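# Reading the structure
For reference, the chains in residue letters:
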Amino acid sequence: MLGKRIFAPVLGGIALCAALTHAVPAMADDTPVSFSEGFTPIDPADQVAAMHRGMNVLGYDPIWFDPAHARFKAEHFAKIKAAGFDSIRLVVHGLRHMDAQDTLDPAFLATLDTMLQAALASGLSVSLDLHYSNECGTDPASCQEKVDAFWRQIAPRYKNAPNRVAFELLNEPHGFLDAKAWDGVYRSALAIVRQTNPTRNVIVGPAGWSSIDQLASLDLPEDDRHIIVTVHYYWPMTFTHQGASWVKQFTDLHDVKWGSQAEYLKVSTDFDGVKAWADAHHRPIFLGEFGAYDRSDIESRMRYDYGVARAAEAHGFAWAYWQFDSDFIAYDMKTDDWVQPILYALVPPHD
Ligand code: GLC
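What comes next is a walk through the structure. Just so it is clear, the structure is predicted and the values come from calculations on it, not from any experiment. (Residues numbered from 1 in each chain as written. Predicted model: local features only at pLDDT ≥ 70, side-chain atom pairs only at ≥ 80, totals over all residues. Heavy atoms only, no water.)

## Notes on the site of the ligand
Around the ligand, the neighbouring residues are Y60, H131, N171, E172, Y234, H241, W246, E289, W322 and F328. Here an oxygen atom of the ligand sits 2.4 Å away from a polar atom, N or O, in the side chain of Y60. Contact between the ligand and H131: an oxygen atom at 2.8 Å from a side-chain N or O atom of the residue. Relative to its unbound accessible surface of 310 Å², the ligand loses 84% to contact with the protein. Residue classes in the shell around the ligand are distributed as five nonpolar, three polar and two charged. (Near = heavy atom within 4 Å. Polar contact = N/O pair within 3.5 Å; in protein donor to acceptor, adjacent residues only side chain to side chain. Areas by Shrake-Rupley, 256 points an atom, 1.4 Å probe, with all protein chains shown as cover. Nonpolar A, V, L, I, M, F, W, Y, C, P; charged D, E, K, R; others polar.)

Structure follows, in structure tokens:
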């Protein structure tokens, strides 16, 4: 990628030289990115209110390795906003774009700059989420090294971003990142972020995949009042993950429906527990992921998405649907249009 960006213009004459000068400033450059809107601190509860209804985007898009093959285009942000969403969760597998010294690939950073600026220009709030799969290393120490390295580069880069941008330190800590290990890892990353972003709102969830029943294990620094707490909700997994190849025990499941009165009530009761924790700790809540895999029937998916989104709103949580494209889709890239029943469930037309 890097080689291509440097050498193609040399071969291509004047027009491509212009491309070179365009590419160079974004490269290996730790100057903070400038934004047309300045930063002012905002109470995390106000930020959650502004984030309101959101959409997870870009996590599995080819754009990160080759912008020429992007499925998601900057103009999709405007479509998301026009459809009634207030925020996006910008999902980046940042650890995949580091070299052996944990330096982020300048081409990745350039794409991130472009997407972040475009989302903001569309009027959306942004949670910049560090996602990972297996790149976190094999133990908490190696994971911490990489997560720290990511935020050591990203936090100063975006320190001038408007307060509509919040940093989410790490998606769904799990496995060797148990509650105790995660406590050390997130505090280290948070301290790095705080060096350049002392009052930006930072999003942190509990270990155990940020599941709501793990909230009690999350211990936050009392004196940091710029934290938003995130949880994910995929219960019951037998419904939301039926047919999912990446969850072995559910791969062969099918025809599981959702939408009984008891099921709606369970979501509401589950969120009562989250709200009680939030009130006791004075932390606002961001439901950063929920949804049902595309293998479930569309009526059940509609009921589930509607039920969870409305319950979150009734409890004062911001939410972000998982996800725009790839799987669980809310938007069909083939027709370049919304999956109407899902959009209808998430943003009811009468609202
Ligand atoms: C998590 C995973 C993502 C998966 C989703 C639903 O966010 O990182 O890959 O699709 O959960 O299972």
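## Let's talk about the pattern of salt bridges
Opposite charge on two side chains permits them to pair, given that their charged atoms come into close proximity. A full pass over the atoms with the stated rule returns 18 salt bridges. R157 serves as the salt-bridge partner of D113, at 2.8 Å between the closest nitrogen and oxygen. With D113 in helix α4 (residues 106–121) and R157 in helix α5 (residues 140–157), this residue pair connects regions lying 44 residues apart in the sequence. A relative accessible area of 12% means that D113 is categorised as buried. D279 is paired through a salt bridge with K275; the nearest N and O atoms lie 2.9 Å apart. Of this pair, D279 and K275 both sit in helix α8 (residues 261–281), four residues apart, roughly one helical turn. The class for D279 is partly exposed, based on a relative accessible area of 45%. (Salt bridge = Lys/Arg side-chain N within 4 Å of Asp/Glu carboxyl O. Helix = DSSP H or I, 4+ residues; strand = E, 2+ residues; numbered from the N terminus. Buried < 20%, exposed > 50% of the residue type's maximum accessible area, 1.4 Å probe, protein only.)

## Examining the sheet that holds strand β2 (residues 87–92)
As summarised here, the arrangement of the eight strands in space is β1-β2-β3-β4-β5-β6-β7-β8, forming a closed barrel in which the pairing is parallel. Taking each pair of neighbouring strands and ignoring which way they run, the sheet shows an average axis angle of 25°. Pairing of strand β6 (residues 227–233) with strand β7 (residues 285–290), which is carried by five bridges, proceeds in the parallel orientation. Considered in β7, the bridge of V231 is made with L287. Sheet contacts for helix α9 (residues 298–314): β1 (53–57), β6, β7 and β8 (318–321); angle to β8, the most-contacted strand, approximately 160°. (Pairing = 2+ DSSP bridges. Axes fitted to C-alpha atoms, helices over the stretch in contact; angles between N-to-C directions. Contact = heavy atoms within 4.5 Å.)

## Points about the packing of α8 against α9
Running from N to C, α8 and α9 cross one another at 30°; their axes reach a closest spacing of 10 Å. Classified by the angle their axes make, α8 and α9 are roughly parallel. For the pair α8 and α9, the crossing hand works out as right-handed. Where α8 approaches α9, its residues Y264, V267 and F271 are matched on the opposing element by R303, G307, V308, A311 and A312. Of the residues contributing to the contact of α8 with α9, the split by class is six nonpolar, one polar and one charged. (Parallel < 35°, antiparallel > 145°, perpendicular 65-115°, else oblique. Left-handed = near helix turned anticlockwise from the far one by under 90°.)

## Examining the packing of aromatic side chains
On inspection of all chains with the given rule, the structure shows 25 aromatic pairs. With a centroid separation of 6.2 Å and 90° between ring planes, the pair formed by F85 and W319 is classed as edge-to-face. On the criterion of sequence distance, the pair formed by F85 in the loop between α3 (75–82) and β2 and W319 in strand β8 is long-range, its members being 234 residues apart. As far as the burial class goes, F85 and W319 line up, both buried. A centroid spacing of 5.7 Å and a plane angle of 50° characterise the contact between W182 and Y186, whose relative ring orientation is tilted. Placement of both W182 and Y186 in helix α6 (residues 179–196) is noted, with a separation of four residues, approximately one turn of the helix. In this structure Y186 comes out as buried when scored by relative accessible area, which is 1%. Cluster of aromatic residues (ring-pair linked, three or more members): F72, F77, F85, F290, W319, Y321, F324, Y331 and W338. (Phe/Tyr/Trp six-rings, centres within 6.5 Å; stacked < 30°, edge-to-face > 60°.)

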